[in-house]
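One letter stands for each residue in the lines below.
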Amino acid sequence: MKKEKFDWKNPSKKQWKQIHAWTRTIIQIFFFVMMPSIFTTAFSGVKYIFTRIGTGEAVSMTAFVTALAAICLYTIVFGRFFCGFACAFGSVGDWLHALYLWINKKAGKKKPWKPDRQLMKWLSYVKYAVLALIVILCFTGFYGKTSGWSPWDVFSMLRSGNLRLAAYIPGLILLILIFAGMFVEERFFCKVLCPMGAVFSLLPILPLYALFRDRQNCLKGCSACTRMCPADLELPERGSFHASGDCFQCQKCIDTCPKGNVRCGVKEVKGNELLFTLIRAIILFALMKLAGV
Amino acid sequence: MKQFLMKWVNVILIVGLIAGYNLILSSRAQAEEVLRLQAELDSANLKLENVIEENEWLKENAALFAAASTSARKDEDTEENQEDTLYTAGTYTGEAQGFGGLVKVAVTVSDREITDITIQSADNEDTAYLTMAVDIIPAILSAQSADVDTISGATFSSTGIKHAVQQALEKAVN
Ligand code: SF4
Ligand code: SF4
Ligand code: SF4
């Protein structure tokens, strides 16, 4: 947060954009260090539920299920703030992509190569298939036999400094592929493969803190926010209930709009105020601590 | 709006189904418990009858018995005792690889029983996983052996605990 003090009095629009970007990175680093396993823990909840049902045992409120319930509730209220600001996997993806952009810039390339937009749109349905597949594997009890395949396990192992990866070669290869994808395409994994993201996308996100725009106020023919958006979202009209479960709450669109046309469903907040962002991060942190992550 | 409501219906449906499933299971478990207790009661009654019968028989033959059995029994007692001592009583530590590092446990044993297992340190395990994994401890205690199934979902950490207990027990056997 050094940057805030830097020109706190009257930052220009561009500087605000930088401040917001830095705030986001700092929060991401914070969560990466303090709570890197929210994503795997919550998703273990999903796996746990279906494994138990598959074997005919009761589903009790274990630490996994509590974490899953907590993160889902949070997401219903605040949107996928967790994805945008706290997920270790998503954060690493963001950093990889930032590196890609930086390299391109150094190499003097104005427009870094991007995968075809239409293709990405179709691919984004793959995550539901991944979710369904994992759920079925858990339900039928086969999941236990695929233990070497999970790229998340490998990720968590690397992160915690466990390098005994011999039994995890398939998972490691998948992880490297995923990282390659994240490198060229912002949030590739989140859009295309993440089963937890699929769960979030299916949640009924309340139109309170989700983002909307007043389309009639837009510049004619403008699509700046959509082009900036890692999920290629065309934001819904204010007052509708179409808050998209695919929005990561990265909040880049808010600063991008030349007319300041993008804001939360609730009129009082825009969505990227530092205080509001901080409050959401603290609530998330406290909630996850309570849930025992 | 329609989509939004649909999503709500889905979520409520899923949560409802899981809750309903749990309810059915627990009521079934209750019914089974009642049956089990009933069966136990029956067999206990039966045993009681047998004991009473036996007692009467013993009383009738008491005089014959007394002389013959006292000497024999003494030998048996001492022999049994020696066989039954599995461990050297005390507290032993063991360690093994968990998820992110070493898991250290302390195992307390009496001559013939594992009486207590505590985790001394597991710094690199994720909290939620460790919470799940410690469920293996009661399993080990009731099986009186470290050779039990690991906790699914927390395989790494529970395997760590299991192996650490194994190591400690190896030190404890005479
Ligand atoms: S979509 Fe998945 S990987 Fe991406 S930020 Fe969300 S939980 Fe993390
Ligand atoms: S750019 Fe806006 S709409 Fe797109 S993911 Fe980020 S916050 Fe959501
Ligand atoms: S950037 Fe602003 S003006 Fe342009 S389309 Fe988006 S909301 Fe409308």
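We now examine the site of ligand 3. Taken together, Arg213(A), Arg215(A), Cys218(A), Leu219(A), Cys222(A), Ala224(A), Cys225(A), Cys257(A), Pro258(A), Asn261(A) and Val262(A) make up the full set of residues adjacent to ligand 3. Across the shell around ligand 3, the residue classes tally to eight nonpolar, one polar and two charged.

All residues in the neighbourhood of ligand 2 are listed as Leu211(A), Cys229(A), Pro230(A), Leu233(A), Leu235(A), Cys247(A), Phe248(A), Gln249(A), Cys250(A), Gln251(A) and Cys253(A). Here the shell around ligand 2 is composed, by residue class, of nine nonpolar, two polar and no charged.

Moving on, we come to helix α3 (residues 38–55) of chain A. All names here are of chain A. For α3, with 18 residues, the first-to-last C-alpha span of 26 Å sits near the 26 Å given by 1.5 Å per residue. Those residues of α3 lying buried are Ile38, Phe39, Thr40, Thr41, Ala42, Phe43, Ser44, Gly45, Val46, Lys47, Tyr48 and Ile49. Just downstream of α3 lies Gly56, where phi reads positive at about 75°.

The subject of this paragraph is the interface of chain A and chain B. It is common to give the size of an interface as the accessible area that goes away when the parts come together. Between chain A and chain B, the contact holds 36 residues from the first and 22 residues from the second. Note on chain A versus chain B: buried area summed over both sides is about 2,400 Å², and carbon and sulfur give 65% of it. Considering only the side of chain A, the residues that lose the most area to chain B are Phe64(A), Pro204(A) and Phe241(A), jointly responsible for 24% of the buried surface there. The interface formed by chain A and chain B includes one salt bridge. Notably, a salt bridge pairs Asp126(B) with Arg159(A), separated by 3.6 Å at the nearest N-O pair. At the junction of chain A with chain B, the criterion picks out six residue pairs in polar contact (both at pLDDT 80 or more). Looking at the side of chain A that touches chain B, the elements that each hand over two or more residues are α3, α4 (63–78), α9 (151–159) and α12 (195–202) of chain A.

Attention now goes to the pattern of salt bridges. According to the stated counting rule, one finds twelve salt bridges over all chains in the structure shown. Glu33(B) is the partner of Arg36(B) in a salt bridge, and the nearest nitrogen-oxygen pair spans 3.0 Å. Pair noted here: Arg36(B) and Glu33(B) are both in helix α1 (residues 2–84), with a separation of three residues, about one helical turn. Judged by its relative accessible area of 41%, Arg36(B) is partly exposed. With its nearest N and O atoms 3.0 Å apart, the salt bridge here joins Arg36(B) to Glu40(B). Of this pair, Arg36(B) and Glu40(B) are both found in helix α1, four residues apart, which corresponds to roughly one turn of the helix. With relative accessibility at 44%, the residue Glu40(B) sits in the partly exposed group. Taken together, the salt bridges that share partners define one network made up of Arg117(A), Glu185(A), Lys191(A) and Asp232(A).

Basis of the calculations
Residues numbered from 1 in each chain as written. Chains lettered and ligands numbered in written order. Predicted model: local features only at pLDDT ≥ 70, side-chain atom pairs only at ≥ 80, totals over all residues. Heavy atoms only, no water. Near = heavy atom within 4 Å. Nonpolar A, V, L, I, M, F, W, Y, C, P; charged D, E, K, R; others polar. Helix = DSSP H or I, 4+ residues; strand = E, 2+ residues; numbered from the N terminus. Expected span 1.5 Å × (residues − 1). Buried < 20%, exposed > 50% of the residue type's maximum accessible area, 1.4 Å probe, protein only. Contact = heavy atoms within 4.5 Å. Buried area = accessible area lost by both parts, 1.4 Å probe. Salt bridge = Lys/Arg side-chain N within 4 Å of Asp/Glu carboxyl O. Polar contact = N/O pair within 3.5 Å; in protein donor to acceptor, adjacent residues only side chain to side chain.

Any functional reading would require information beyond the geometric quantities listed.
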